[in-house]
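Architecture and fold: a report
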Number of protein chains: 2
Amino acid sequence: MLFVQKFGGSSVGDPERIKRVAERVWRTRQTGKEVVVVVSAMGDTTDDLIALAGEISGEPAAREMDQLLSTGEQVSSALLALALQRLGAEAVSLTGQQAGIFTDGAYGKAAISRIDPVRLREEIAGGKIPVVAGFQGVGPGGDITTLGRGGSDTTAVAVAAGLGADCCEIYTDVDGVYTADPRLVPEASKIPVISYDEMLELASLGAVVLHPRSVELAKMFGVQLIVRSSFNDNPGTIVKGDGGMEKAYMVSGVAHDLNVAKVGLFDVMDQPGIAHRLFAALAAEKVNVDMIIQGATRDGRNDIAFTVSRDDLKKALAVAEGVKETIGAKGYTYDDQVGKVSIVGAGMITRPGVAAAMFEALSTAGVNIEMISTSEIKISCIIKETEVARAVKALHDKFGLAELSDT
Amino acid sequence: MLFVQKFGGSSVGDPERIKRVAERVWRTRQTGKEVVVVVSAMGDTTDDLIALAGEISGEPAAREMDQLLSTGEQVSSALLALALQRLGAEAVSLTGQQAGIFTDGAYGKAAISRIDPVRLREEIAGGKIPVVAGFQGVGPGGDITTLGRGGSDTTAVAVAAGLGADCCEIYTDVDGVYTADPRLVPEASKIPVISYDEMLELASLGAVVLHPRSVELAKMFGVQLIVRSSFNDNPGTIVKGDGGMEKAYMVSGVAHDLNVAKVGLFDVMDQPGIAHRLFAALAAEKVNVDMIIQGATRDGRNDIAFTVSRDDLKKALAVAEGVKETIGAKGYTYDDQVGKVSIVGAGMITRPGVAAAMFEALSTAGVNIEMISTSEIKISCIIKETEVARAVKALHDKFGLAELSDT
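As the structure is a computational prediction, the values presented were derived from the model and not from experiment.

Let's shift gears to the domain arrangement of chain A. Per the domain assignment, the segments of chain A are domain 1 (2–173) and domain 2 (254–403). Each of domain 1 of chain A and domain 2 of chain A was reduced to a C-alpha centroid, and the two centroids are 37 Å apart.

Turning our attention to the relation of the copies chain A and chain B. Overlaying chain A with chain B gives an RMSD of 0.2 Å, the required rotation being 179° about an axis along which the chain moves by 0.1 Å. The operation mapping one copy onto its partner corresponds to a two-fold rotation axis. No C-alpha of chain A approaches the rotation axis more nearly than that of T71 of chain A, which lies at 2.7 Å. Both copies present the same face, since 100% of the interface residues in chain A are matched by interface residues at the equivalent positions in chain B.

This part takes up the sheet that holds strand β2 (residues 34–39) of chain B. Residue and element names in this part refer to chain B. Spatial strand order, β3-β6-β2-β1-β9-β11-β12-β10: eight strands in an open sheet with mixed pairing. In the strand order of this sheet, the two ends are held by β3 (91–94) and β10 (193–195), each with one partner. Direction aside, neighbouring strands of the sheet carry axes that sit 20° apart on average. Contacts between helix α5 (residues 151–163) and the sheet are confined to β1 (2–7), β2, β6 (129–133) and β9 (167–172), with β1 contributing the most and set at about 170° to the helix.

Bringing the nonpolar core into the picture now. Membership of the largest hydrophobic core comes to 122 residues, with the highest contact counts inside it found for V37 and L80 of chain B. By residue number, the principal contributor to this core is helix α3 (residues 62–86) of chain B, which donates eight residues. Aside from chain neighbours lying at most four places away, what touches L80 of chain B is V12, I18, V21, A22, V37, V39 and V131 of chain B. Within the second largest apolar cluster, 121 residues are counted, among which are V25, M42, V132 and I382 of chain A.

Further remarks concern the interface of chain A and chain B. The partner chain B presents 26 residues to the 26 residues of chain A that form the contact. Among the secondary structure elements, those contributing two or more residues to the side of chain A that touches chain B are α1 (15–30), α2 (45–56) and α3 (62–86) of chain A. The element that contributes the greatest number of residues to the side of chain A that touches chain B is α3 of chain A, accounting for 13 residues. Its residues placed into classes, the side of chain A that touches chain B shows 14 nonpolar, eight polar and four charged.

This next bit is on the confidence of the model for chain A. Residue and element names in this part refer to chain A. Here chain A averages 89 in pLDDT, while 93% of its residues score no lower than 70. Low pLDDT, under 50, characterises residues 243–247; the stretch is placed with 15 contacts to residues that sit more than four places away or in other chains. For this predicted complex, the interface score ipTM comes out at 0.74, alongside a pTM of 0.78.

The subject of this paragraph is the environment of Y196 of chain A. Residue and element names in this part refer to chain A. With respect to the secondary-structure elements, Y196 resides in helix α6 (residues 196–204). The sequence separation of Y196 and V341 amounts to 145 residues, and the corresponding C-alpha distance is 20 Å. Those residues in contact with Y196 that lie beyond four places of it in its chain are V215, A218, K219, V239 and G241.

So, about the packing of α1 of chain A against helix α2 (residues 45–56) of chain B. Packing of α1 of chain A against α2 of chain B leaves a shortest axis separation of 9 Å and a crossing angle of 45°. Relative to α2 of chain B, the element α1 of chain A is oriented oblique. In terms of crossing hand, the pair formed by α1 of chain A and α2 of chain B is right-handed. For the pair formed by α1 of chain A and α2 of chain B, the contact residues are P15, I18 and K19 of chain A on the first element and L52, E55 and I56 of chain B on the second. Per-class residue counts for the contact of α1 of chain A with α2 of chain B are four nonpolar, no polar and two charged.

Procedures and definitions
- All residue numbers here refer to positions counted from 1 along the written sequence of the relevant chain.
- Throughout, the order in which chains and ligands are written sets their labels, letters from A for the former and numbers from 1 for the latter.
- In view of the model being predicted, local features appear only for residues whose pLDDT reaches at least 70, and side-chain atom pairs are presented and counted only at 80 or more, with totals across whole chains, interfaces and linings using the full set of residues.
- Where a domain begins and ends is set by an automatic assignment or by a domain database.
- Residues below a pLDDT of 70 in either copy are left out; the C-alpha atoms of the rest, at least 70 in both, set the least-squares superposition of the copies.
- Contacts are defined on C-beta atoms placed from the backbone: any two residues whose C-beta positions lie within 7 Å are in contact.
- Pairing between two strands requires that DSSP report at least two bridges joining them.
- Segments assigned H or I by DSSP are reported as helices when at least four residues long, segments assigned E as strands when at least two residues long, and all are numbered from the N terminus.
- Angles here are taken between N-to-C directions and fall from 0 to 180 degrees, while the axes themselves are lines fitted to C-alpha atoms, restricted in helices to the stretch in contact.
- By convention the nonpolar core is taken to be a set of buried residues drawn from Ala, Val, Leu, Ile, Met, Phe, Trp, Tyr and Cys and joined through C-beta atoms within 7 Å.
- Remark: C-beta atoms are placed from the backbone, and a residue is labelled buried if 20 or more other C-beta atoms sit within 10 Å of its own, exposed if 12 or fewer do, or partly exposed between those counts.
- Three classes are used, and their members are as follows: Ala, Val, Leu, Ile, Met, Phe, Trp, Tyr, Cys and Pro are nonpolar, Asp, Glu, Lys and Arg are charged, and the others, Gly among them, are polar.
- Residue-level confidence of the predictor, termed pLDDT, takes values from 0 up to 100.
- Roughly parallel means an angle under 35 degrees; roughly antiparallel, over 145; roughly perpendicular, 65 to 115; everything else is oblique.
- By convention, the crossing between two helices is left-handed when the near helix turns anticlockwise from the far helix through less than a right angle, and right-handed when the turn is clockwise.

So, in structure tokens, the structure goes:
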């Protein structure tokens, strides 16, 4: 049995926590399993390094930022290897390059192009526990490249795929994936098993336990994930191909996201190419658009609304101002006091009436729906920010999620 | 013209200092010279990382310490590259591995085995200023290895040798090499030109402006060194093959060292192999012995005294206790309240009476000499710690060193 265990920044935030992580890894190893560890940088290290660069340059080059930031994971991996050795384990820290993680060379947002697991296999065969610096790999020219957001999770899944590991455990500061945010819904329960697709929807809907990118990679290579806490021994949530959930439950979770702003354009011309012009302009400014709604045509004109993250609102409004005339819009408006609430479940595909049940629950709770977007396994509604907590609770009740979990 | 410029930890101690270093490098570049920069870790970074490892493990493995400590120079090189780019320079930070610095693989104390300057040459040809992380290189298996003490100076000299640079400037916090420590001798003057051999003696005698190892390497490859301040534009001290000094001056400098302890063994048997047994035992414990004195034989017995650094005194005494009986010593003693004062000068070789002049000066100053050791270009005396400052002043006067410098 070969396990990949990934520990995030808060799990290795200080020397004491690093020692506790080492004890956990060593316990796993002593059950006879082979273990490869992947670590993030300690606590706020990455932010501290970014601040340091900010003192020197307002627009630091991505290549140099990668040389700089990659040291964070190199430090934590070396320290964890030392902590393992202190327990009597044989351990060896490896940078991304040493671990054979090759990328496409895109500084700051590299994609892993391949894993060459020769050294990892050698170290494992030699009885060692490799401790891999997450978030990084080496580009075609020998330069260090970081993987961008969700990088360490992605490293863990890629290493697990490259080695054909039996399981990739993602240790974090929560017990697993919940049916809703326990801070909003105290009776929220942990989901024991969930499918990749459901996890992808939850991950992209603000339940940020796992980065969607790592879930996609896990799905592609069939790597079984377990999300669990680094602070206790609770079993966590298994993410795998065949959720098991999808037959049993219509809805497996309620997600919410407050980092949402809505932009609306009025009376846009109803002509081919108009939407393209608007969203191409947004893409050119690297604004990630989430939901897009286009209402029914009225008098040859349309209303178009879309949502973006609040960080991107300023850029989105600048784009709206810029394209207003070319798309013939009479004006635009925005609202950054909104939130998104979503239900996710593979069971939806085969069960009609889920959307109706969702809208009923929101209506009963007195929550007004401003925008709706659906996919095969999720339904999202934009509502007032102040009503998000009430909406999440109402939906959690409606779909009986408190009774979901058996743990 | 190709210049290698090396900046130590205090020169890059914070973002403001890094910006000032960048301005200096950029000025050099703008005179039309090609420049390669080598940097140490920022300020106390290395000590901080060592302390962090110390919180985790009492005996951290050298391999992991190298993975850990090498990040310090990676950070400072990336930040300096950013600072150069901000000025409009094209710069690129390089780890030891990226700069083609290959070592013998000895963790914590690696020797550079070769420089493969392909990438450095490419970057220079492309108009870039490479900023190389000092103190590190890659070992045969792809592991990061640090170069131990004097590592960044050694990197700079090795890179200069590998590229056939015209000059290797070592920037530090003093103006150059002085005829004595200016804190003890206010009238001490800067030495404009000094030979490798004299510099080697000074460097190994406690005048730690340059690590002896880098001077040896410079001598081997004929790399001209300039030691100068990173805080002003004074010309510094040139270190090169033919000192020029050796013809003009008997003595070029007075050095002193307070990190000295003396150990004496009484009435050792006067037999072949006795000294070997003692010093082999010390070497086995990795105790570096500096001076060794064996007195005249009396009744078939000898006194043997030697000096070590104060850090090594405890180990040295343990060895003395261990071998006492096998070498037939009646007992041993030690004194850690001593210091070493030395005069250095290539001119000594051809001028008799220098030793006599030294002893006369010390005697006139009322300084008692406890041990004497000589080489072709230096004479060292062990004296009471409390008399070191007086002795240095007396020797500086005696050999007219205040008038030496023309700057």
